[in-house]
Amino acid sequence: MKKAVSIVVLCLMLVMLVAGCGSGGSGGKGKNLTLNVYNWGEYISDGSEDSYDTVKEFKKWYQDTYGVNITVNYDTYASNEDMYSKLSSGAVSYDVIIPSDYMIARMIKEDMLLPLNYDNIPNYSNVDSSFKGLYYDPDDTYTVPYAYGIVGVIWNANEVDEADAQGWDLMWNEKYAGRIVQFNNSRDAFGTAMYKLGIDVNTTDTAEWDRAFEELKSQHGLVYSYVMDEIYNMMESGEAAIGAYYAGDYFTMLDAQADTVDLRFYYPDPTNYYVDAMCIPKCCQNQELAEAFINFMLSRDAAVANAEYTYYASPYTNVYTDSEYIEEMGEEAMEILYPETGDFAEKYNTYAYRNLSQDVLDYLNTLWESVKIN
Amino acid sequence: MKTASKIYTAIIFVFLFAPIAILLVFSFNDAKSLSVMSGVSLRWYRELFHDEATLQSVRNTLILAVSAMVISTVMGTAASVGMEKLRSRWLRSALNTATDIPMTNPDIITGISLMLMFVFVGRLFGLANSLSFWTMLIAHVTFCLPYVILQVQPRLRQMDPSLPEAAQDLGCTPLRAFFKVTIPEIMPGIITGAIMAFTMSLDDFVISYFTSGAGFQTLPIRIYNMTKKTVTPKMYALATIIFFVILALLLISNLTDQSDKKYRKK
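## Topic: the overall build of chain B
Turning to step 1, where the next piece is worked out: When you go through chain B residue by residue, the secondary structure sums to eleven helices and zero strands.
Turning to step 2, where the next piece is worked out: By the burial criterion, 36% of the 266 residues in chain B qualify as buried.
Turning to step 3, where the next piece is worked out: Looking at chain B alone, contacts between residues at least 24 apart form 77% of all its contacts between residues at least 6 apart.

Shown next, in the form of structure tokens:
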């Protein structure tokens, strides 16, 4: 009897093991086409609030065009570093990823990305020429830009004088002591001080980092709190009055602000620019399908829906000139999201964050610890 | 003294339940904010049931929790019975310590070591995706198992060992005696163990984070990944629903415990 039971259990375990291998191995070969997409959380129009469901529409489009039914696994990550560690562990394989610029530069250097076959991405012509030849991919071989953003200062007009709302000085203005929030992230916080002082944010000179450090220390007494996504609630409720964040996120706050709060936004100069771009990692199982997906993301309906959903600026000409999109966003939002930057590529290549060497990063983090302790 | 102890109890309860109460209230908020209450509505509940990706992650979480619960309950009960039958005291306590390790080990170490093992085995077989639903299931069974054993073992020890023997004297086969006498006798322990395993699996983030593969993300991972932008109030609605489901489960487990005690008094 005992033997019979143990044999049954053994058989069950074997079946499970085989089934496990089966589902793990069906990524590439076979007839069953699967696309694995790895993107930031809340960074694509996903059908909520009656919006366009990008993944579903892509499946439908593929079915209509090629008559093949595909499975799309859409997973999310919370930071570039999370995505990087998951991919470099070799434990998972994804076909399309959308990291930020400095992470792309690092992944190209570490030979983790595949060169794209732009013949399979005819919609690449929709990308504005000022988003080509950016520093992380100077020859445009690995990437297709997805969204970009510029850091600006958000302020509550019910508390802050309009005359003071200029440049980075507002975040150091003693009149508003205890009403200012600063980034709780070493790179972004030092960035604000370095733009204010006119220092290159990618410098390797420790004396320059020390100068920025002194500036942040002098600000410490004025800072209400060091925050990341807590800034939404603090600004919306009026708990804090001044803070720097991305233009797209300002609109999210504007949507939810309390009756007693009147949020406004402006860009200091210089400021931070970033670009997130679609790439195909080396572990990709089906490059053609991945390129079809990237091409689809560049098509008018998907691109407009994603830009409306995320509130981030789109680098595609078929989005920011689209009359429906302009109407949906409103004139004011269009002015903020797409400011007159002159030559974007030139500004971007000068002021964007680049991957720092480990020595500089370590130095920066030690300085950052003492800013917060003070 | 008495009022002091009452105030103390009240403070403890406020700290325990204030966060949940806030979440519950704001899940009915009309606006998209955690600080401004602009009106009462079911808007976020409606949105929640239209958000296919979130619902899929809830489904994934439930499939995983139920499978992990069933497997770890069966394995844990079998292990407890086997360990009770051991003659060597030394071996029994050694086994007890070994099965407790996944529970006392910090999650992050369990998670990383499991991931390394899965990647190693995956490389051995040349798989592109060494992490999948199955690796997550193995990981969840691993950390649920000690909770089941912890609940079942005391029941077995409390049970009068002459009961199954009497059943066998009266003509039952050992297997029949086990299912007819031992199992009903230790049932409350099995149920509590199963519920513990289910809730442990449901709210695990760290171990799931390291062992999740492409195409199978659970709810805690999805919520964590939302923090680049804000966590939407949909999640407050979902958390409220989950809170009440867990509350119901707890009440059921307590009630079975109570009826069991009454039965014992008789």
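## Brief notes about the overall build of chain A
Turning to step 1, where the next piece is worked out: Scanning chain A from N- to C-terminus turns up 15 helices and nine strands.
Turning to step 2, where the next piece is worked out: Projected onto its principal axes, the C-alpha positions of chain A cover 80 × 55 × 45 Å.
Turning to step 3, where the next piece is worked out: Relative to its full complement of 374 residues, chain A shows a buried share of 41%.
Turning to step 4, where the next piece is worked out: Residue pairs at least 24 apart in sequence account for 74% of intrachain contacts in chain A once pairs closer than 6 positions are excluded.

## A short note on the sheet that holds strand β2 (residues 70-77) of chain A
Residues and elements named next belong to chain A.
Turning to step 1, where the next piece is worked out: The sheet built from three strands is open, its strands ordered β2-β1-β3 with parallel pairing. Both outer strands of the open sheet, β2 and β3 (96-97), are each paired with one neighbouring strand and no more.
Turning to step 2, where the next piece is worked out: Inspection of the sheet shows strand β1 (residues 33-40) paired to β2 by eight bridges, in the parallel sense. Looking at β2, one finds that Leu-35 is bridged to Val-72.
Turning to step 3, where the next piece is worked out: Helix-sheet contacts for helix α9 (residues 287-297) involve β1 and β3, and the interaxial angle to β1 is about 50 degrees.

## Examining the confidence of the model for chain A
Turning to step 1, where the next piece is worked out: Taken as a whole, chain A shows an average pLDDT of 89; of its residues, 91% reach a score of 70 or greater.
Turning to step 2, where the next piece is worked out: Here residues 7-30 of chain A is a poorly scored stretch, pLDDT under 50, and it has 21 contacts once near neighbours within four places are set aside; other chains count.

## Let's talk about the domain arrangement of chain A
Size of an interface, as often reported, equals the accessible area lost when the parts are brought together.
Residues and elements named next belong to chain A.
Turning to step 1, where the next piece is worked out: Splitting chain A by domain gives domain 1 (25-143 + 279-338) and domain 2 (172-273 + 350-373).
Turning to step 2, where the next piece is worked out: Computed from C-alpha atoms alone, the centre-to-centre distance between domain 1 and domain 2 is 29 Å.
Turning to step 3, where the next piece is worked out: Listed per partner, the contact involves twelve residues of domain 1 and nine residues of domain 2.
Turning to step 4, where the next piece is worked out: If you list the elements that add at least two residues to the side of domain 1 that touches domain 2, you get α4 (101-109) and α13 (331-337).
Turning to step 5, where the next piece is worked out: When residues in the side of domain 1 that touches domain 2 are grouped by element, the largest group, four residues, is from α4.
Turning to step 6, where the next piece is worked out: Broken down by class, the residue content of the side of domain 1 that touches domain 2 amounts to nine nonpolar, one polar and two charged.

## Here we look at the domain arrangement of chain B
All names here are of chain B.
Turning to step 1, where the next piece is worked out: Assigned domains of chain B: these are domain 1 (1-41) and domain 2 (52-265).
Turning to step 2, where the next piece is worked out: Taken over C-alpha atoms, the centre of domain 1 sits 31 Å from the centre of domain 2.
Turning to step 3, where the next piece is worked out: The interface is formed by seven residues belonging to domain 1 together with six residues belonging to domain 2.
Turning to step 4, where the next piece is worked out: Across the side of domain 1 that touches domain 2, the residue classes tally to four nonpolar, two polar and one charged.

## Focus on the interface of chain B and chain A
Turning to step 1, where the next piece is worked out: Each partner contributes to the interface: chain B provides 37 residues, whereas chain A provides 40 residues.
Turning to step 2, where the next piece is worked out: Ranked by residues supplied to the side of chain B that touches chain A, first place goes to helix α5 (residues 107-125) of chain B with five residues.
Turning to step 3, where the next piece is worked out: Looking at side-chain class alone, the side of chain B that touches chain A contains 17 nonpolar, 13 polar and seven charged residues.

What counts and how
Residues numbered from 1 in each chain as written. Chains lettered and ligands numbered in written order. Predicted model: local features only at pLDDT ≥ 70, side-chain atom pairs only at ≥ 80, totals over all residues. Helix = DSSP H or I, 4+ residues; strand = E, 2+ residues; numbered from the N terminus. Buried ≥ 20, exposed ≤ 12 C-beta atoms within 10 Å, placed from the backbone. Contact = placed C-beta atoms within 7 Å. Pairing = 2+ DSSP bridges. Axes fitted to C-alpha atoms, helices over the stretch in contact; angles between N-to-C directions. pLDDT = per-residue confidence, 0-100. Domains from an automatic or database assignment. Nonpolar A, V, L, I, M, F, W, Y, C, P; charged D, E, K, R; others polar.

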